[in-house]
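Commentary on secondary and tertiary structure
Here is how the chains run, residue by residue.
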Amino acid sequence: QVQLVESGGGLVQAGGSLRLSCVASGRTFSSYVMGWFRQAPGKEREFVAAVRWSGGSTYYGDSVKGRFTISRDNAKNTVYLQMNSLKPEDTAAYYCAARTSWAVVTDRRRYDHWGQGTQVTVSS
């Protein structure tokens, strides 16, 4: 059974940085795509970034390009989301997700596994 456990959220001032981690377990993830999504109160879950476990190809949502970086550590089965130049509008619960296809990585409905989420709050 796939398990995804996020950590690293917290409270930070605007302009600051945070690094989120997602530890994956339960199977071999070499063929998987890992994504980060976020959801603010009253809003739909929004695509943030994705990385292909094998090869490391990445893709970003427009609102985070140039500020966020997704990466993975194969040895630790961990995916990271480095968030810099944070803005109050980045405030949300951040979720790690996994799927086996790279097609339309922005579509949350195509992800098979989800973590419980970690809260990020950016104060102005």
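As a starting point, this report considers the structure included with it. (Residues numbered from 1 in each chain as written. Predicted model: local features only at pLDDT ≥ 70, side-chain atom pairs only at ≥ 80, totals over all residues. Heavy atoms only, no water.)

**Points about the environment of Thr69**
Within the fold, Thr69 resides in strand S7 (residues 68-73). The class for Thr69 is partly exposed, based on a relative accessible area of 41%. Measuring from C-alpha to C-alpha, the distance between Thr69 and Phe37 comes to 13 Å, with 32 residues separating the pair along the chain. (Helix = DSSP H or I, 4+ residues; strand = E, 2+ residues; numbered from the N terminus. Buried < 20%, exposed > 50% of the residue type's maximum accessible area, 1.4 Å probe, protein only.)

**A short note on the packing of aromatic side chains**
Tallying each qualifying case throughout the model produces seven aromatic pairs. Ring centres of Phe37 and Phe47 lie 5.6 Å apart, and the angle between their planes is 75°; on these two criteria the pair is classed as edge-to-face. One end of the pair, Phe37, is in strand S4 (residues 33-39); the other, Phe47, is in strand S5 (residues 46-52), and 10 residues separate them in sequence. Residue classification places Phe47 among the buried residues on the basis of a relative accessible area of 9%. Here the aromatic residues Phe37, Phe47, Tyr59, Tyr111 and Trp114 are joined through ring pairs into a cluster of three or more. Positioned above the aromatic ring of Tyr95, the side-chain terminus of Arg45 is 3.7 Å from the ring centre. We note Arg99 situated over the ring of Tyr111; from NZ or CZ to the ring centre the distance is 5.1 Å. (Phe/Tyr/Trp six-rings, centres within 6.5 Å; stacked < 30°, edge-to-face > 60°. Lys NZ or Arg CZ within 6 Å of the ring centre and 35° of its normal.)

**Things to note about unusual backbone geometry**
The phi dihedral of Asn77 falls on the positive side, at around 50°, and the residue is not glycine. Assignment of secondary structure puts Asn77 in the loop between S7 and strand S8 (78-83).

**Here's the deal with the pattern of salt bridges**
Applying the stated criterion across every chain, the model contains seven salt bridges. Close ionic contact of Asp90 with Arg67 constitutes a salt bridge, the shortest N to O distance being 2.7 Å. Residue Asp90 is located in the loop between S8 and strand S9 (92-99), and its partner Arg67 is located in the loop between strand S6 (58-60) and S7; the two are separated by 23 residues in the primary sequence. Judged by relative accessible area, Arg67 falls into the buried class, the value being 11%. Among the ionic pairs, Arg110 bridges to Asp107, the shortest N-O distance being 3.4 Å. Look at the salt bridges and you will find they share partners, linking Arg38, Glu46, Arg67 and Asp90 into a network. (Salt bridge = Lys/Arg side-chain N within 4 Å of Asp/Glu carboxyl O.)

**Examining the state of the cysteines**
Counted according to the given criterion, the structure contains one disulfide. The disulfide partner of Cys22 is Cys96, and the gap between their sulfur atoms is 2.1 Å. Torsion about the S-S bond of the Cys22 and Cys96 cystine: about -75°, corresponding to left-handed handedness. Of this pair, Cys22 sits in strand S3 (residues 18-25) while Cys96 is found in strand S9, placing the two residues 74 residues apart along the sequence. The buried category is assigned to Cys96, whose relative accessible area is 0%. (Disulfide = S-S within 2.5 Å.)

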